[in-house]
Amino acid sequence: MHKTEYSKPDGRKLWLYGTAPVEVTDPIPSPGDAVVATPQLRWHPLRGEWVMYAAHRQGRPFLPPPGYNPLAPTTDPANPTELPSGQYDMAVFQNRFPSLSLDAPAPAEVPGVPVRAGVGSCEVVVFTQDPGATLASLPPESLRLLLDVWADRTTELAKDERIHYVLPFENRGVEVGVTLHHPHGQIYAYNHLPPVQERALANVRGYHQASGRPWLADFVAQEREAGLRIIQDRPHALSVVPPFARYTYETWVLPSRAVSRLSELSPEERADFAAVLHDALRRLDTLFGVRMPYLMTVQQAPVDGQSYPEWPLHIELYPYLRAPGRMKYLAGTEQGAGEFANDGLPEQKAAELRELQVGEVSLEQR
């Protein structure tokens, strides 16, 4: 992996990545002036969690006019985008309209509610210079590079002692609210452990203490022995519809070996992990013959300086179509009680995905 860091005219950082040396000849652009970010967090007393507020985000790009793509390389200096023209495969830059900021000022007091500065970081990850591509349509080597990019940004963000958790994710499709259609994802870095990860950590830590083994190792062994919910299985990684899936075609991508972060995977393991992820994304697009809208999250261990051998590295994919043309909407039991209702058994849905003909995935290790 090749990487070069730049500074944008408004002071934000830009990192360009490639499988070959990065080359940029034009000046580094920025689509506008610097935005003063004033995010804050307010405590929700019933849910026991922080809620982010970022009023400055009202001015962020929303369905830009035809002919202007803020995530494509700049071709007209009079209409700059976020990225320069040049030779590179992927780009990461600090979000101009962040929900969290390492420079967040102390907010005014709010009577009756604990409030604090929204300290953290938000970055945008542009997967390719091609605006019409998707992760599934990119070559497998691009998914391998993306794993390296996610691992690199996690490691770099963790160097700031204020950062406790790093979450790479992708929202795809207008159905999930995406307004910039150039293939991209985001990385949020929090100065606390978010509630989903806090609860997961407590559960896997309890399992580890009771059994003496990491949950991931036992789960992979269980799924391979059952053979009912596996979609694809390679020596170092596999994909499954978990037996507790909340979404109809929910898919998890897991390493065969129990590790807690992407950076802990060997080159051979990253190659298989990327190949299985690529296959899973292609199957979701093949399923109904349309680009599947989904939410994808990369679940790694906290980065607060401690060791978390019990944490299960994995990627969760939440497809938003439960049948052709039918969306999965969160209903009263899910929004109001946090208890999901699924229309199909995981074993049946895994079989449907497994039987799809999507071709073989070839990936060279490097």
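Right above here is the structure, for reference.
Bear in mind the structure is a predicted one, so any value in this text is a computation, not a measurement. (Residues numbered from 1 in each chain as written. Predicted model: local features only at pLDDT ≥ 70, side-chain atom pairs only at ≥ 80, totals over all residues. Heavy atoms only, no water.)

S.K.: With reference to specific residues and values, describe the overall build of the protein chain.
M.R.: Scanning the protein chain for helices and strands turns up 6 helices and 18 strands. Against the compact-globule benchmark of 21 Å for 366 residues, the protein chain has a radius of gyration of 21 Å, which places it among compact chains. Across its three principal axes, the protein chain shows a C-alpha extent of roughly 60 × 55 × 40 Å. Burial analysis of the protein chain (366 residues in total) assigns 52% to the buried set. Within the protein chain, residue pairs in contact and separated by at least 24 positions form 67% of the contacts whose partners lie at least 6 positions apart. (Helix = DSSP H or I, 4+ residues; strand = E, 2+ residues; numbered from the N terminus. Rg over C-alpha atoms; globule rule 2.2 N^0.38 Å. Buried < 20%, exposed > 50% of the residue type's maximum accessible area, 1.4 Å probe, protein only. Contact = heavy atoms within 4.5 Å.)

S.K.: Tell me about the pairing of strand β7 (residues 90-94), and name the residues and values.
M.R.: Counting buried positions over the 5 residues of β7 gives 4, a clear majority of the element. Summarising the sheet, strand β2 (residues 13-18) and β7 pair through 4 bridges and their orientation is antiparallel. Each residue of the ladder has a partner; that of Tyr-17, found in β7, is Met-90. Bridge count for β7 against strand β9 (residues 120-126) is 4 bridges, and the pairing is antiparallel. When the bridges of β9 are listed, Gln-94 appears paired with Glu-123. (Pairing = 2+ DSSP bridges.)

S.K.: A description of the layout of surface pockets should follow, citing residues and the corresponding values.
M.R.: By volume, the second largest pocket is sized at about 360 Å³. Lining the second largest pocket are 19 residues, with Arg-12, Asn-95, Pro-98, Ser-101 and Asp-103 positioned closest to its centre. At 3 residues, the largest contribution of residues to the lining of the second largest pocket is made by β9. The residue inventory of the lining of the second largest pocket, partitioned by class, reads 9 nonpolar, 6 polar and 4 charged. (1 Å grid on protein atoms, 1.4 Å probe; cavity = no way out; pocket = protein on both sides within 12 Å on 5 of 7 lines; lining within 4 Å. Points joined across faces, edges and corners; volume = space filled by probe spheres on them. Nonpolar A, V, L, I, M, F, W, Y, C, P; charged D, E, K, R; others polar.)

S.K.: Kindly report on the nonpolar core, identifying the contributing residues and their values.
M.R.: In this structure, Leu-135, Trp-150, Leu-262 and Leu-277 are the most contacted members of the largest nonpolar core, which totals 79 residues. Each residue touching Leu-277, except ones within four places of it in the same chain, is listed here: Leu-143, Trp-150, Val-253, Met-296, Ile-315 and Leu-317. In this structure, Leu-16, Ile-28, Ala-91 and Phe-93 belong to the second largest nonpolar core, which totals 13 residues. (Core = buried A, V, L, I, M, F, W, Y, C linked by side-chain atoms within 4.5 Å.)

S.K.: Requested: an account of the sheet that holds strand β5 (residues 49-53), with residues and values cited.
M.R.: On the basis of which strands lie adjacent, the open sheet formed by 3 strands has the order β5-β4-β8 and antiparallel pairing. Of all strands in the sheet, those with a lone pairing partner are β5 and β8 (115-117), marking the two edges. Mean inter-strand twist for the sheet, computed between neighbouring axes without regard to direction, equals 30°. Taken together, the 5 bridges between strand β4 (residues 40-44) and β5 define a ladder with antiparallel strand orientation. In the strand pairing of β5, His-44 is matched with Glu-49. (Axes fitted to C-alpha atoms, helices over the stretch in contact; angles between N-to-C directions.)

S.K.: Could you give an account of the packing of aromatic side chains, naming the residues involved and the relevant values?
M.R.: Scanning the entire structure with this criterion turns up 12 aromatic pairs. An angle of 70° between the planes, with centres 5.4 Å apart, marks the rings of Phe-169 and Tyr-188 as edge-to-face. Placement of the pair is Phe-169 in strand β10 (residues 165-172) and Tyr-188 in strand β11 (residues 184-190), with a sequence separation of 19 residues. Of the two residues, Phe-169 and Tyr-188, both sit in the buried class. Judged by centre distance (5.7 Å) and plane angle (50°), the ring pair of Tyr-247 and Phe-340 falls under tilted. In this pair, Tyr-247 is assigned in the loop between β13 (237-240) and β14 (251-255) and Phe-340 in the loop between α5 (332-337) and α6 (346-354), connecting sequence segments 93 residues apart. A relative accessible area of 26% places Phe-340 in the partly exposed class. (Phe/Tyr/Trp six-rings, centres within 6.5 Å; stacked < 30°, edge-to-face > 60°.)

S.K.: I'd like a rundown of the packing of helix α4 (residues 267-287) against α6, residues and numbers included.
M.R.: Helix-helix packing is characterised by the crossing angle of the two axes and by the distance between the axes. Where α4 contacts α6, the axes come no closer than 9 Å and their chain directions differ by 95°. Overall, the two elements α4 and α6 adopt an arrangement that is roughly perpendicular. Each of Arg-283, Leu-284 and Leu-287 in α4 lies in contact with α6, whose residues at this interface are Glu-352, Leu-353 and Arg-354. (Parallel < 35°, antiparallel > 145°, perpendicular 65-115°, else oblique.)

S.K.: Which residues make up the environment of Pro-29, and what values go with them?
M.R.: Within the secondary structure layout, Pro-29 lies in the loop between β3 (23-24) and β4. Linking Pro-29 and Asp-10, residues 19 residues apart in sequence, is a C-alpha distance of 9.1 Å. Residue contacts for Pro-29: discarding those within four places in its chain leaves Lys-8, Pro-9, Thr-74, Pro-80, Thr-81, Glu-82, Leu-83 and Pro-84.

S.K.: Which residues make up the sheet that holds strand β1 (residues 2-7), and what values go with them?
M.R.: A sheet is described by the order of its strands in space; here 11 strands give the open sequence β1-β2-β7-β9-β11-β10-β15-β16-β14-β13-β12, paired in antiparallel fashion. Only two strands of the sheet have a single neighbouring strand rather than two, namely β1 and β12 (230-234). Pairs of neighbouring strands in the sheet enclose a mean axial angle of 15°, with direction left out of account. Here 4 bridges tie β13 to β14, and the two strands are oriented antiparallel to one another. Within β14, the position partnered with Val-240 by the bridge is Trp-252.

S.K.: Can you break down the packing of helix α1 (residues 140-157) against α4 residue by residue, with the values?
M.R.: Where α1 contacts α4, the two axes come as close as 8 Å, and the packing angle between them is 120°. In the packing of α1 onto α4, the handedness of the crossing is right-handed. Taking contact as the criterion, the partners of Pro-140, Leu-143, Arg-144, Leu-147, Asp-148, Trp-150 and Ala-151 in α1 are, on α4, Pro-267, Arg-270, Ala-271, Phe-273, Ala-274, Leu-277, His-278 and Leu-281. A class-by-class count of the residues in the contact of α1 with α4 yields 11 nonpolar, 1 polar and 3 charged. (Left-handed = near helix turned anticlockwise from the far one by under 90°.)

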